[in-house]
Amino acid sequence: MKESDITSTLKEDIPKKTVLVLLVMAIVIVALGIWTILDRIGYSQIPPQSSSGGEVKLKIVPGNAVDNIETLSNVDEAQQTLSTNP
Amino acid sequence: MGETVKGENSKNMILKVFAVIVILAVAGIFINVMKNKITGFVTSGIVEVNVEAISSLNVNSDVYFGNGTISNVPSNLTSISTEGDDNDGAFNNCSVINGGVDDPGRDCTGIEVENNGNVYINVTITALNGVSGFFSSQSLIGANFTFAVLDGNRTKNETAIQIVGYGNDVIGENNASCHVNGNTNQSIEPKGSYLNSSWMNWTTISTDSYAICSNLSFGDGNDTITIEFNLTFPADEPVGLKSNSFTFTGVQAE
């Protein structure tokens, strides 16, 4: 039997519905296969992680901390002077 | 005629076999994919449960030093610390939780990071601004913004290490939050800080990612670390609100 005869025989013998069903199933297999591969790659490449933020905040107000300390010292000295002098 | 019937039979047989293979392949792929989505199913009276790993961390507190003045004398710069109970320039006392847990506006006891997932996690810290980005000073002379990491919570009553005050090697890692990672042999970084400022391994903050705990435990207890901060202001730092954000990322430890 020649090749052209075999081809023509196959074309005639396989119903169109069967070819259509097989084609649909092939497409489904390819889609699921791609989905599976992408799913696996996703699992392996992106480890589950979690992020959260914290903050450090303050406000610098006018004045000099050293001056304030000195002022407080002066107040203490004044209070001591007052307490020692009746 | 006989050949034609024989050929059709074989073709039909091939088609049937092919169809069976296709159906099995579809079913196999479907089951394979769905296997990871199913958390429990029954087979022959045995309940199989697949618990998914959840890497999750939570930041329980911010640091607010409050309002204060700074020194403009280069030889006597103002420093404040989350470990300090007598910070310069009227900034908050950070040795106690000011106003309680629900009052973060006056609290500066450190940033507490908790593992609220169900796997050990590797925690990293990343600063939004480095030292030069945080301070507005022109000279930056003496400017410093450092951090250190302590095991346990910020109220210092969670782990045995906090209560007794020694390192992992003395207490044993089962009583610590940050365990030693068997693969990297790392736990807390920078290591060696002790409680209550007896010694703190202050390290300059960075905008690069820095691993602070390689194996943070999970569960109701022993699942937190606290990040402490220490700042020194340059004498020419202008007044105003200063803020820096830190991002903590937890990834399942390997």
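Owing to the predicted nature of the structure, the values given are computational and were not obtained by experimental measurement. (Residues numbered from 1 in each chain as written. Chains lettered and ligands numbered in written order. Predicted model: local features only at pLDDT ≥ 70, side-chain atom pairs only at ≥ 80, totals over all residues. Heavy atoms only, no water.)

**Q** What should I look at first to understand empty space enclosed by the protein in this one?
**A** Taking a probe equal in size to a water molecule and rolling it over the atoms shows the remaining empty space. Residues and elements named next belong to chain B. In total, this model carries one cavity of 30 Å³ or more according to the counting rule given. If you add up the space inside the largest cavity, you get close to 40 Å³. Together, Ile-125, Ala-127, Phe-147, Ile-205, Ser-206, Asp-208, Tyr-210 and Phe-246 line the largest cavity. (1 Å grid on protein atoms, 1.4 Å probe; cavity = no way out; pocket = protein on both sides within 12 Å on 5 of 7 lines; lining within 4 Å. Points joined across faces, edges and corners; volume = space filled by probe spheres on them.)

**Q** What should I look at first to understand the interface of chain B and chain A in this one?
**A** Reports of interface size often rely on the accessible area that becomes lost once the parts have come together. With 56 residues of chain B at the contact, the number on the chain A side is 35 residues. For the pair chain B and chain A, the two sides together bury roughly 4100 Å², of which 62% comes from carbon and sulfur. The interface formed by chain B and chain A contains zero salt bridges. At the boundary of chain B with chain A, the tally comes to 17 residue pairs in polar contact (both at pLDDT 80 or more). Looking at the side of chain B that touches chain A, the elements with two or more residues in it are helix H1 (2-34), strand S3 (57-59), strand S4 (63-70), strand S11 (224-232) and strand S12 (240-252) of chain B. Here the side of chain B that touches chain A is composed, by residue class, of 29 nonpolar, 21 polar and six charged. Of the strand pairs in this sheet, strand S1 (residues 49-64) of chain A and S12 of chain B are connected by twelve bridges, and their pairing is antiparallel. The partner of Ser-52 of chain A across the bridge, within S12 of chain B, is Phe-248 of chain B. (Contact = heavy atoms within 4.5 Å. Buried area = accessible area lost by both parts, 1.4 Å probe. Salt bridge = Lys/Arg side-chain N within 4 Å of Asp/Glu carboxyl O. Polar contact = N/O pair within 3.5 Å; in protein donor to acceptor, adjacent residues only side chain to side chain. Helix = DSSP H or I, 4+ residues; strand = E, 2+ residues; numbered from the N terminus. Nonpolar A, V, L, I, M, F, W, Y, C, P; charged D, E, K, R; others polar. Pairing = 2+ DSSP bridges.)

**Q** Teacher, can you tell me more about the sheet that holds S4 of chain B here?
**A** Two pairing modes exist for strands in a sheet, parallel and antiparallel, and in both the strands are linked by backbone hydrogen bonds. Spatially, the five strands line up as an open sheet ordered S4(B)-S1(A)-S12(B)-S7(B)-S10(B), and their pairing is mixed. The sheet is open, and its two borders are formed by S4 and strand S10 (210-216) of chain B, each paired with just one other strand. Taking the axes of each pair of neighbouring strands and ignoring which way they run, one obtains an average angle of 20 degrees across the sheet. (Axes fitted to C-alpha atoms, helices over the stretch in contact; angles between N-to-C directions.)

**Q** What should I look at first to understand unusual backbone geometry in this one?
**A** A negative phi angle is the norm for most residues apart from glycine, just as the trans form is the norm for most peptide bonds. Residues and elements named next belong to chain B. For the bond from Glu-189 to Pro-190, the omega torsion is -10 degrees, close enough to zero to count as cis. By the element assignment, Pro-190 lies in the loop between helix H4 (168-171) and strand S9 (203-204). The phi dihedral of Leu-140 falls on the positive side, at around 60 degrees, and the residue is not glycine. Topologically, Leu-140 is positioned in the loop between helix H2 (131-134) and strand S8 (144-151). Using a relative accessible area of 29% as the deciding quantity, one classes Leu-140 as partly exposed. The residue Asn-222 is not glycine, and still its phi comes out positive at about 55 degrees. Among the secondary structure elements, Asn-222 is positioned in the loop between S10 and S11. Relative accessible area serves as the criterion here: at 17%, Asn-222 is assigned to the buried category. (Buried < 20%, exposed > 50% of the residue type's maximum accessible area, 1.4 Å probe, protein only.)

**Q** Explanation requested: the confidence of the model for chain A in the structure shown.
**A** Reading predicted coordinates in detail is not appropriate for stretches of low pLDDT. All names here are of chain A. When pLDDT is averaged along chain A, the result is 70, and 53% of the positions lie at 70 or above. The lowest-confidence element of chain A is helix H3 (residues 65-84), averaging 52 in pLDDT; the highest-confidence one is S1, averaging 90. Scored below 50 in pLDDT, residues 70-76 makes zero contacts in the model with residues more than four places away or belonging to other chains. (pLDDT = per-residue confidence, 0-100.)

**Q** So what exactly am I meant to see when it comes to the nonpolar core here?
**A** Nonpolar side chains tend to gather and get buried jointly when the protein is soluble and globular. Membership of the largest hydrophobic core comes to 39 residues, with the highest contact counts inside it found for Phe-65, Ile-111, Phe-145, Ile-227, Phe-229, Phe-246 and Phe-248 of chain B. Excluding residues within four positions of it along the chain, Ile-227 of chain B makes contact with Gly-110, Ile-111, Val-113, Ile-125, Phe-147, Ala-148, Val-149, Ile-212 and Phe-248 of chain B. (Core = buried A, V, L, I, M, F, W, Y, C linked by side-chain atoms within 4.5 Å.)

**Q** Mind showing me how you'd approach the environment of Leu-77 of chain B here?
**A** Structurally, Leu-77 of chain B can be placed in the loop between S4 and strand S5 (79-81). The contact partners of Leu-77 of chain B, leaving out residues within four places of it in the chain, are Ser-71, Asp-88, Ile-141, Gly-142, Thr-232, Phe-233, Pro-234 and Ala-235 of chain B.

**Q** Just checking my understanding: could you explain the state of the cysteines for this structure?
**A** As used in these notes, a disulfide is a covalent bond between sulfur atoms, one from each of two cysteines. Residue and element names in this part refer to chain B. This structure, assessed with the given rule, holds two disulfides over all chains. Covalently, Cys-94 is tied to Cys-108 through a disulfide, its sulfur atoms 1.9 Å apart. Between Cys-94 and Cys-108 the sulfur-sulfur dihedral comes to about -105 degrees; the bridge is accordingly left-handed. Here Cys-94, found in the loop between S5 and strand S6 (111-115), pairs with Cys-108, found in the loop between S5 and S6; they are 14 residues apart in sequence, far enough to count as distant. Across the disulfide from Cys-178 sits Cys-213; the S-S distance is 2.1 Å. (Disulfide = S-S within 2.5 Å.)

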